[in-house]
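Each chain, written out:
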Amino acid sequence: YRSVGERWHRAGRHLWSLRKWDQRLSHSFVSIWVLESESKPMGYYELEEQEDKNIEILYLGLLSDSIGKGFGRFILMDALQCSFSMGASRVWVQTCTLDHPRALPNYQALGMKLFKTEKEMKYIPPGWPRPESDEVDLL
């Protein structure tokens, strides 16, 4: 989460403890998928099964050294295929202007449609990207 999201200011889970991560990932409706090459992680995505056979791609991203090599399209195609193989009737994702500039065009190129647009301010923690406390369990 941190290695992939730091560049894109993913702050929502930045200060989560290992216990909180364990609680989140222990739910049967949440799954994490990792893209690897030669046993080296390149990126990941998180799926959450929701009501009415909807699946949300909560997080999807690549490590810095994997960006710009076509893996974004590949990992998104894998997330969509995995979602539909899990029985999804609808797959959705939220993106924002802090995400990679190719995120939205990539989603649209694979058939996803823009549902709505919202404007909001995003809080970036002080001292970003370092946690304020040494007591935080680092991932």
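Details of the structure are given in the entry above.
Overview of the structure. Keep in mind it's a predicted model, so treat the numbers as computed, not measured.

Okay, the sheet that holds strand β3 (residues 54–62) next. Strand pairing within a sheet occurs via backbone hydrogen bonds; the two strands may be parallel or antiparallel. Overall, mixed pairing links the 4 strands, which are arranged β1-β2-β3-β4 in an open sheet. Across the chains shown, the open sheet's two edge strands, defined by having one partner strand only, are β1 (30–37) and β4 (90–93). The mean inter-strand angle of the sheet, taken between neighbouring strand axes irrespective of direction, is 25°. With 7 bridges connecting them, strand β2 (residues 40–49) and β3 associate as antiparallel partners. Counterpart to L47 in the pairing with β3 is I57. The strands that helix α3 (residues 71–85) touches are β1, β2, β3 and β4; relative to β3, the one it contacts most, it runs at about 155°.

Let us now look at the packing of aromatic side chains. Within the structure shown, the criterion is met by 2 aromatic pairs. Summarising the aromatic geometry, the rings of W33 and Y45 are spaced 6.3 Å apart at their centres and angled 20° between planes, so their arrangement reads as stacked. Remark: Y45 occurs in strand β2 and W33 occurs in strand β1; sequence separation between them is 12 residues. Accessibility expressed as a relative area gives 36% for W33, which makes it partly exposed. Looking at Y45, the relative accessible area reads 1%, which means it is buried. The ring of F115 is capped by R90, whose NZ or CZ atom sits 5.9 Å from the centre of that ring.

What counts, and at which threshold
Residues numbered from 1 in each chain as written. Predicted model: local features only at pLDDT ≥ 70, side-chain atom pairs only at ≥ 80, totals over all residues. Heavy atoms only, no water. Pairing = 2+ DSSP bridges. Helix = DSSP H or I, 4+ residues; strand = E, 2+ residues; numbered from the N terminus. Axes fitted to C-alpha atoms, helices over the stretch in contact; angles between N-to-C directions. Contact = heavy atoms within 4.5 Å. Phe/Tyr/Trp six-rings, centres within 6.5 Å; stacked < 30°, edge-to-face > 60°. Buried < 20%, exposed > 50% of the residue type's maximum accessible area, 1.4 Å probe, protein only. Lys NZ or Arg CZ within 6 Å of the ring centre and 35° of its normal.

What is shown is where atoms sit, not what they do.
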